[in-house]
Amino acid sequence: MKNKSLSLIKPYFLEQRPRILFGVVSLIIVDFLQLAIPRVIKQAVDELTLFRIDAAALWRYSFYILLLGIAIGGFRYVWRYYLIGASRRVEEGLRNQLFSHLQILSPAYFDRTQTGDLMAHATNDVMHIRMAIGMGMVALTDALVLGTAAIGFMLYINVELTLLALLPAPFIVFGARFFSKRMHTAYGNVQASFSDLTEAVRERFAGIRIIKAHHREAFERERTATVSRRYIAENIQLAKVIGAFFPMMLFFSNLSLAIVLYLGGRQTIFFTITPGDFVAFISYLNLLTWPMMAMGWVTNLIQRGKASLDRIQKILLTAPLIADAPDALSVPDLAGKITFQNVSFSYRSAEATQDHAIDGIDIQLVPGQTLGIVGPPGSGKSTLLSLIPRLYDVSKGRLLIDDKDIKTLKIRELRSQIAFVPQEPFLFAGSIRDNILMGNSGADDSHMISAAEAAALHRTVTKFTDGYDTIVGERGVILSGGQKQRVALARALMKDTPILLLDDPVSQVDTETGTAIIQTIRAMAAGRTTIIASHRLSALRFANRIIVLENGRITESGDHEALMALNGYYAKTYRMQEIEETLHAD
């Protein structure tokens, strides 16, 4: 693995150093105990060929081998416990490091990255790194210790026979180097195709209701099968490389055995070595076969782990686009004054001068004021709201809170003082209580119920058998759109913050429920700066100021009466919605 990649796992090796050391020592002991067994067999065979052994001696030699076997089993348990255990702890640390880093990346990163790709990194890639570390250390230690010691014992028995037996070794080394690069490339391709397959399956499981509703099972099945075939094709390419590599290793290992069997047998016949030496030599050669094979296995594991580690390193080296400045200011208590100064924003890049989602926005809100934002779909309402908690940074102009540029404030403190209800409420697969509290263990039930009542949710929850402990399922699947929206609103109302951002908070509820929610928001808005984007214009009538966004620009601005007098987009839309509500009521 590259030094840069190794730097990711080096801290975990240092942390697990005592366990790794103890495990490696136990593994070396196992290797030497295995090397002792052929010596016992040599003595027994030599005495048998000379007819100088009795039943008691045979029992003694058998007992020696039994003791060695018990000791090998005991120390093998120890090294597996410590070395494999250490690799599991590295796996845990690396996965936590990956997740922690993903948490700080900007939303823009997730706009262009597939969820399935990230899932593959957190599961398959981390597993391959664990295998490369755990079993890789074992195979490498065996290759060095057991292989070197076995060659030493073989040289002790007969130097000439050992050199002849090792003639195929250079071919094994050359073959390992030849195939290692190809394996690394193939493993990288397999991991990339696995990410695509994971994303394809995840997306179709998440959208299974839409697929069924539109009767697209066969179509989606074929699309998934196409991705699956691509994954299989990459695995077959990998299998071809491995399929050529391991038989090559086995061939040269057996070639060594054939050389020893012929030449060693001749030396035994001519009494150059004893029969016991011949049997012991073959035993050592068999022990050497594993290290020779282990070199191939180590190459396999390391190339797979290296490909995975490179992929994870690429994520960990990705810097968040939005981060605290070195001299970021602490803002423990915001008043809630918000100022947009000629603010423009483009999703393409910070330097983009065209295709602005919002362009040339100038707004000033004093603490306690309420701003309403209306406009056709795609006009930039949600984008404008997302700039305030710095989910995205402005491309041009300045956004100030309490007369301080938000780029100079500490992000954690800024966001902790903003309650935000997004347009598409997201619920986790827990209970209603879990989704409202969101880890806020310090809140009591009375506070939670008050927030739920303010969101017009409490009466609905009490109708469920398990109340607030009702499990909502993946993405809140058992709840209606309006219920999910009210859970998200209750979650925001749990926070007593100076700034409240609401993105279409009543879009999925009926008129009566929406009216109750707006009355609550209106009552709470007196003590905080509130910005509400909504397609339902009646919900914004109480706002101190209302702006109309069209194509990212403010085209109308004023309170309700002023905008009605302009007879523009706001007035026409408001009157049309009034007629619709009247017809619906009738």
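Predicted model, so just to flag it, every value in this text is computed and none were measured.

Draft legend 1. How the structure looks around the sheet that holds strand β8 (residues 529-533). Pairing is mixed in the open sheet, where six strands are placed in the order β6-β7-β8-β3-β9-β10. For this open sheet the edge positions go to β6 (418-421) and β10 (553-558), each flanked by a neighbour on one side alone. Going from strand to strand, the sheet's axes swing by 15 degrees on average, the running direction of each strand aside. Bridging between strand β7 (residues 499-503) and β8 involves five bridges; their strand directions are parallel. Note that in β8 the partner of Leu 501 across the bridge is Ile 531. Sheet strands touched by helix α16 (residues 481-493): β6 and β7. Its angle to β6, the strand with the most contacts, is close to 180 degrees.

Draft legend 2. Seen up close, the environment of Pro 168. Of note, Pro 168 is situated in the loop between α6 (159-165) and α7 (169-206). Assessed through its relative accessible area of 2%, Pro 168 is described here as buried. In this structure Pro 168 touches Phe 252, Leu 255 and Ser 256, once residues within four positions along its chain are discounted.

Draft legend 3. Here's a closer look at the sheet that holds strand β1 (residues 338-345). Pairing is antiparallel across the open sheet formed by four strands, whose spatial order is β2-β1-β4-β5. The sheet terminates laterally at β2 (358-365) and β5 (404-405), the two strands that pair on one side only. Examined bridge by bridge, β1 and β2 share five bridges and lie antiparallel to one another. For Phe 340, the partnering residue across the bridge sits in β2 and is Ile 363.

Draft legend 4. A look at the packing of helix α3 (residues 55-104) against helix α5 (residues 115-157). Between α3 and α5, the shortest axis-to-axis distance is 9 Å and the interhelical angle comes to 150 degrees. When the axis of α3 is compared with that of α5, the two are roughly antiparallel. Note that α3 runs across α5; the crossing there is right-handed. In terms of residue class, the contact of α3 with α5 is made up of 16 nonpolar, four polar and four charged.

About the thresholds
- Residues numbered from 1 in each chain as written.
- Predicted model: local features only at pLDDT ≥ 70, side-chain atom pairs only at ≥ 80, totals over all residues.
- Heavy atoms only, no water.
- Pairing = 2+ DSSP bridges.
- Helix = DSSP H or I, 4+ residues; strand = E, 2+ residues; numbered from the N terminus.
- Axes fitted to C-alpha atoms, helices over the stretch in contact; angles between N-to-C directions.
- Contact = heavy atoms within 4.5 Å.
- Buried < 20%, exposed > 50% of the residue type's maximum accessible area, 1.4 Å probe, protein only.
- Parallel < 35°, antiparallel > 145°, perpendicular 65-115°, else oblique.
- Left-handed = near helix turned anticlockwise from the far one by under 90°.
- Nonpolar A, V, L, I, M, F, W, Y, C, P; charged D, E, K, R; others polar.

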